[in-house]
Amino acid sequence: KNEVEQSPQNLTAQEGEFITINCSYSVGISALHWLQQHPGGGIVSLFMLSSGKKKHGRLIATINIQEKHSSLHITASHPRDSAVYICAVYSSYNTDKLIFGTGTRLQVFP
Amino acid sequence: EPEVTQTPSHQVTQMGQEVILRCVPISNHLYFYWYRQILGQKVEFLVSFYNNEISEKSEIFDDQFSVERPDGSNFTLKIRSTKLEDSAMYFCASRGWDEKLFFGSGTQLSVL
């Protein structure tokens with residue numbers, strides 16, 4: 001079983017829709033990253049969270065440490081949001097080793 | 001925005017050959033990482049490097065792998081004797097004290 005699970009694996013949406021991507025993890029963590037991987041392969045860090053909620057533009061990330069769950073929301077989705085979104089955690093024990101989820105492939109159609 | 005630079009973008013090598021993947025992290029960063037992603041699979045941690053030494057490594061990072069920061073700007077990953085299963089995209093990343101992680105655009109390694 002993967003230590004970091006994401007759902008859904010694939011997601012399609014119409015432009016303007018509200019998107020939610022979920023991440024559940026089974027290990028104790030010190031922090032969680034949401035990453036965006038573009039079709040060309042490049043990876044960009046969107047957020048790092050250890051508690052609560054963060055917002056950047058149309059992106060919102062939340063984390064519930066007790067429930068071992070995080071969500072990434074995209075408001076007013078746009079075709080340029082099409083990418084793979086990856087959840088990754090730092091475990092409490094290995095504080096510099098990121099454990100990655102398998103990613104959620106998002107396609108937003110105009 | 002500052003960026004992490006990786007060279008080459010593509011590397012093709014014969015099985016058993018040594019390869020060196022190069023990275024230039026962001027200049028004031030202190031923590032450096034290598035990750036890899038086999039085609040169709042998730043990204044995997046290989047190694048972290050701080051204060052001129054390995055701070056953590058995964059079970060993938062065996063004796064065939066080594067890292068070096070030879071001159072204070074470059075950060076290299078060496079694979080001594082490549083195997084077919086080493087074919088993957090290799091990402092370098094770095095961070096400073098604020099913990100925001102910056103990734104390079106990757107080196108696609110193909111072992112034939």
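Shown above is the structure to which this text applies.
Residues numbered from 1 in each chain as written. Chains lettered and ligands numbered in written order. Predicted model: local features only at pLDDT ≥ 70, side-chain atom pairs only at ≥ 80, totals over all residues. Heavy atoms only, no water.

Our next topic: the side chain of Q6 of chain A. Residues and elements named next belong to chain A. Structurally, Q6 is set in strand β1 (residues 4-7). Engagement of the side chain of Q6 in a polar contact is seen with the side chain of T104, the distance being 3.3 Å. Each residue touching Q6, except ones within four places of it in the same chain, is listed here: I21, N22, C23, W34, Y85, I86, C87, G101, T102, G103 and T104. (Helix = DSSP H or I, 4+ residues; strand = E, 2+ residues; numbered from the N terminus. Polar contact = N/O pair within 3.5 Å; in protein donor to acceptor, adjacent residues only side chain to side chain. Contact = heavy atoms within 4.5 Å.)

In this structure, the largest pocket occupies an estimated 530 Å³ of space. Lining the largest pocket are 28 residues, with Q37, V84 and R105 of chain A together with Q37 and G40 of chain B positioned closest to its centre. Elements that contribute at least two residues to the lining of the largest pocket include exactly β9 (83-91) and β11 (104-109) of chain A together with β9 (88-95) of chain B. The greatest single-element share of the lining of the largest pocket, amounting to four residues, is contributed by β11 of chain A. Its residues assigned to classes, the lining of the largest pocket shows ten nonpolar, 16 polar and two charged. Volume-wise, the second largest pocket comes out at about 310 Å³. Looking at the second largest pocket, it is lined by 15 residues, and the ones nearest its centre are I43 and V44 of chain A together with P2, E3 and F103 of chain B. Those elements that provide at least two residues to the lining of the second largest pocket are β5 (43-49) of chain A together with β10 (101-103) of chain B. Of the residues contributing to the lining of the second largest pocket, the split by class is seven nonpolar, five polar and three charged. (1 Å grid on protein atoms, 1.4 Å probe; cavity = no way out; pocket = protein on both sides within 12 Å on 5 of 7 lines; lining within 4 Å. Points joined across faces, edges and corners; volume = space filled by probe spheres on them. Nonpolar A, V, L, I, M, F, W, Y, C, P; charged D, E, K, R; others polar.)

Okay, the pattern of salt bridges next. Pairing between side chains of opposite charge can happen when the charged atoms of each approach one another. All told, the structure shown has three salt bridges over all chains when counted by the stated rule. In this structure, D96 of chain A engages R95 of chain B in a salt bridge whose closest nitrogen and oxygen atoms are separated by 3.3 Å. Remark: R95 of chain B occurs in strand β9 and D96 of chain A occurs in the loop between β9 and β10 (98-100); the pair is interchain, linking two chains. Both residues of the pair, D96 of chain A and R95 of chain B, count as buried. Here R36 of chain B and E44 of chain B are joined by a salt bridge, their closest N and O atoms 3.1 Å apart. Judged by relative accessible area, R36 of chain B falls into the buried class, the value being 10%. (Salt bridge = Lys/Arg side-chain N within 4 Å of Asp/Glu carboxyl O. Buried < 20%, exposed > 50% of the residue type's maximum accessible area, 1.4 Å probe, protein only.)

On inspection of all chains with the given rule, the structure shows two disulfides over all chains. Put simply, C23 of chain A and C87 of chain A are joined by a disulfide, and their sulfur atoms are 2.0 Å apart. Taking the sign of the torsion about the S-S bond as the criterion, the disulfide between C23 of chain A and C87 of chain A, at about -60 degrees, is left-handed. Separated by 64 residues along the polypeptide, C23 of chain A in strand β3 (residues 19-25) and C87 of chain A in strand β9 bring together distant segments of the chain. In this pair, the class of C23 of chain A matches that of C87 of chain A, namely buried. The disulfide partner of C23 of chain B is C92 of chain B, and the gap between their sulfur atoms is 1.9 Å. Around the S-S axis, the bridge from C23 of chain B to C92 of chain B shows a dihedral of about -65 degrees and counts as left-handed. Separated by 69 residues along the polypeptide, C23 of chain B in strand β3 (residues 19-24) and C92 of chain B in strand β9 bring together distant segments of the chain. Just as C23 of chain B is buried, C92 of chain B falls in that class too. (Disulfide = S-S within 2.5 Å.)

For residues besides glycine, phi is generally negative; the peptide bonds are generally trans as well. Here S7 of chain A and P8 of chain A are connected by a cis peptide whose omega angle stands at -10 degrees. Topologically, P8 of chain A is positioned in the loop between β1 and β2 (10-14). Looking along the chain, the bond that leaves T7 of chain B and enters P8 of chain B is cis, with omega of -10 degrees. By the secondary structure assignment, P8 of chain B is in the loop between β1 (5-7) and β2 (10-13). The backbone of K68 of chain A shows a phi angle near 55 degrees, a positive value even though the residue is not glycine. Residue position: K68 of chain A is located in the loop between β7 (59-64) and β8 (69-74). Here K68 of chain A falls in the partly exposed class, since its relative accessible area comes to 31%. For N51 of chain B, which is not glycine, the phi torsion reads 55 degrees and is therefore positive. Structurally, N51 of chain B can be placed in the loop between β5 (43-50) and β6 (53-57). A relative accessible area of 60% places N51 of chain B in the exposed class.

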